[in-house]
Amino acid sequence: MTGGQTCALLIVFFFFNDTATTEIYTLSLHDALPISPIKVAMAKSIPTYILVRSPVEAVTSNYLKEFAMSRGVARTVNKRLLGKLLLEYCNYYEFVLRATASLTLVDFRDVRENFLPTLFDINQRFDRQLSDSLIQDEAKRLQAEFRGAVDTLGSSTPNPEKERLKQPLKKVLCDLPEYAKAAALYSSLIKERGQGAS
């Protein structure tokens with residue numbers, strides 16, 4: 001299984017790998033929290049996909065990435081860091097929720113688990129007019145060739161060690177006062193996505 005972040009990068013490489021096209025389209029990654037590029041895209045009427053990921057998964061993944069370049073994760077959960085990342089999550093998705101009329105929301109789970117249908121959808125929405133067989137062949141090639149971060153903590157590919165490290169983080173995260181707000185935001189975004197897809 002490929003990580004959603006990796007899938008998102010593959011989408012960019014696949015559809016938008018020439019200079020002309022990358023100036024026309026943008027795709028927002030769930031953990032980069034790039035509000036400024038989204039504002040620019042909206043101002044220029046550039047079609048923009050936003051990956052929507054649950055706060056539990058997004059925040060714990062980002063927490064582990066903070067330790068990717070060090071010797072390992074601290075044994076004691078850093079509540080301050082976890083709270084900071086949760087606040088960033090809320091700020092980002094509050095902006096996204098206000099701007100949904102100008103954005104296309106994509107469920108992170110769909111990208112990770114239904115990669116090809118997502119590519120087909122982007123092909124249709126952006127009128128790229130690529131054949132399904134070409135998309136399938138190129139997707140397989142890109143997935144085989146693409147190499148993101150390969151270390152356990154920084155990798156966007158799910159792995160058992162990363163999931164094990166996330167478990168204590170999830171327990172602490174769900175007890176933080178800001179978590180209820182983040183969970184409500186996520187539910188609203190998934191609802192908006194469902195309405196936009198119908």
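What you see is a predicted model; the values in this text were computed from it and never measured.

What counts as what
- Residues numbered from 1 in each chain as written.
- Predicted model: local features only at pLDDT ≥ 70, side-chain atom pairs only at ≥ 80, totals over all residues.
- Heavy atoms only, no water.
- Buried < 20%, exposed > 50% of the residue type's maximum accessible area, 1.4 Å probe, protein only.
- Helix = DSSP H or I, 4+ residues; strand = E, 2+ residues; numbered from the N terminus.
- Pairing = 2+ DSSP bridges.
- Core = buried A, V, L, I, M, F, W, Y, C linked by side-chain atoms within 4.5 Å.
- Contact = heavy atoms within 4.5 Å.
- Phe/Tyr/Trp six-rings, centres within 6.5 Å; stacked < 30°, edge-to-face > 60°.
- Lys NZ or Arg CZ within 6 Å of the ring centre and 35° of its normal.
- Lys, Arg positive; Asp, Glu negative; His and termini not counted.
- Salt bridge = Lys/Arg side-chain N within 4 Å of Asp/Glu carboxyl O.
- Polar contact = N/O pair within 3.5 Å; in protein donor to acceptor, adjacent residues only side chain to side chain.
- pLDDT = per-residue confidence, 0-100.
- Axes fitted to C-alpha atoms, helices over the stretch in contact; angles between N-to-C directions.
- Left-handed = near helix turned anticlockwise from the far one by under 90°.
- Nonpolar A, V, L, I, M, F, W, Y, C, P; charged D, E, K, R; others polar.

Trainee: Now, about the pairing of strand β2 (residues 48-52): what can you tell me, with residues and values included?
Mentor: Along a regular strand, successive side chains alternate from one face of the sheet to the other. Taken across its five residues, β2 has five buried, putting it largely inside the fold. Sheet topology places β2 next to strand β3 (residues 104-107); four bridges connect them, and they run parallel. Bridge pairing in β3 places Y49 opposite T104.

Trainee: Before we move on, could you go through the nonpolar core and cite the residues and values that matter?
Mentor: I50, Y63, Y93, V96 and L173 are the most contacted members of the largest nonpolar core, which totals 32 residues. Those elements that place two or more of their residues in this core are β2, α4 (55-65), α5 (79-98), α9 (160-175) and α10 (179-197). It is α5 that contributes the most residues to this core, ten residues altogether. With residues near it in sequence (within four places) discarded, V96 still touches I50, L103, L105 and L189. Core analysis: the next-biggest nonpolar cluster, separate from the first, contains seven residues, L51, V106, I122 and F126 among them.

Trainee: Please provide a residue-by-residue account of the packing of aromatic side chains, values included.
Mentor: For any pair of aromatic rings, the description rests on two quantities: the centre-to-centre distance and the angle between the ring planes. A complete count under the given rule lists three aromatic pairs for this structure. Look at Y63 and F67: their rings are 5.2 Å apart centre to centre, the planes differ by 50°, and that puts the pair in the tilted class. Members of the aromatic cluster, joined through ring pairs, are Y89, Y92 and Y93. If you follow R53 out to its NZ or CZ, it ends over the ring of F108, 4.1 Å from the centre.

Trainee: Pulling in residues and values, what's your account of α4?
Mentor: Of all eleven residues making up α4, nine are buried, and the element is well covered by its neighbours. Inspection of α4 places P55, V56, A58, V59, T60, S61, N62, Y63 and L64 among the buried residues, and these make up the whole buried set.

Trainee: A description of the side chain of R53 should follow, citing residues and the corresponding values.
Mentor: Following the sequence through the fold, R53 ends up in the loop between β2 and α4. Within the buried core, R53 has no salt-bridge partner, and the shortest N-O distance to an opposite charge, that of E57, equals 4.0 Å. Polar side-chain contacts of R53 include one of 3.3 Å to the side chain of S61.

Trainee: I'd like a rundown of the environment of F108, residues and numbers included.
Mentor: Looking at the secondary structure, you find F108 in helix α6 (residues 108-113). Considering only alpha carbons, one finds F108 and S54, 54 residues apart in sequence, at a separation of 8.3 Å.

Trainee: Before we move on, could you go through the confidence of the model for the protein and cite the residues and values that matter?
Mentor: On average, residues of the protein score 76 in pLDDT, and 71% of them reach the 70 mark or higher. Looking over the protein, one finds the lowest element-wise mean pLDDT in helix α2 (residues 19-22), namely 43, and the highest in α5, namely 93. Here residues 18-32 is a poorly scored stretch, pLDDT under 50, and it has 43 contacts once near neighbours within four places are set aside; other chains count.

Trainee: Talk me through the pattern of salt bridges; I want residue IDs and the actual numbers.
Mentor: Overall, the coordinates contain seven salt bridges when judged by the stated rule. Across the salt bridge formed by E163 and K166, the nearest N and O atoms sit 3.6 Å from each other. Taken as a pair, E163 and K166 lie in helix α9 at a separation of three residues, close to a single helical turn. Salt bridges sharing partners connect three or more residues here, namely E57, E163, K166 and K170.

Trainee: Describe the environment of E163, naming the residues involved and giving the relevant values.
Mentor: The exposure class assigned to E163 is partly exposed, which follows from its relative accessible area of 28%. In sequence terms E163 and S61 are 102 residues apart; their C-alpha atoms lie 9.2 Å from each other.

Trainee: Could you give me a rundown of the packing of α4 against α9, with the residues and numbers involved?
Mentor: Following both chains from N to C, one finds α4 and α9 inclined at 115°, their axes separated by 9 Å at the closest point. In the crossing of α4 with α9, the sense of the turn from one axis to the other is right-handed. Contacts between α4 and α9 involve P55, V56, E57, V59, T60, S61, Y63 and L64 from the first element and K162, L165, K166, L169, K170, L173 and C174 from the second. Among the residues making up the contact of α4 with α9, the classes are represented as nine nonpolar, two polar and four charged.

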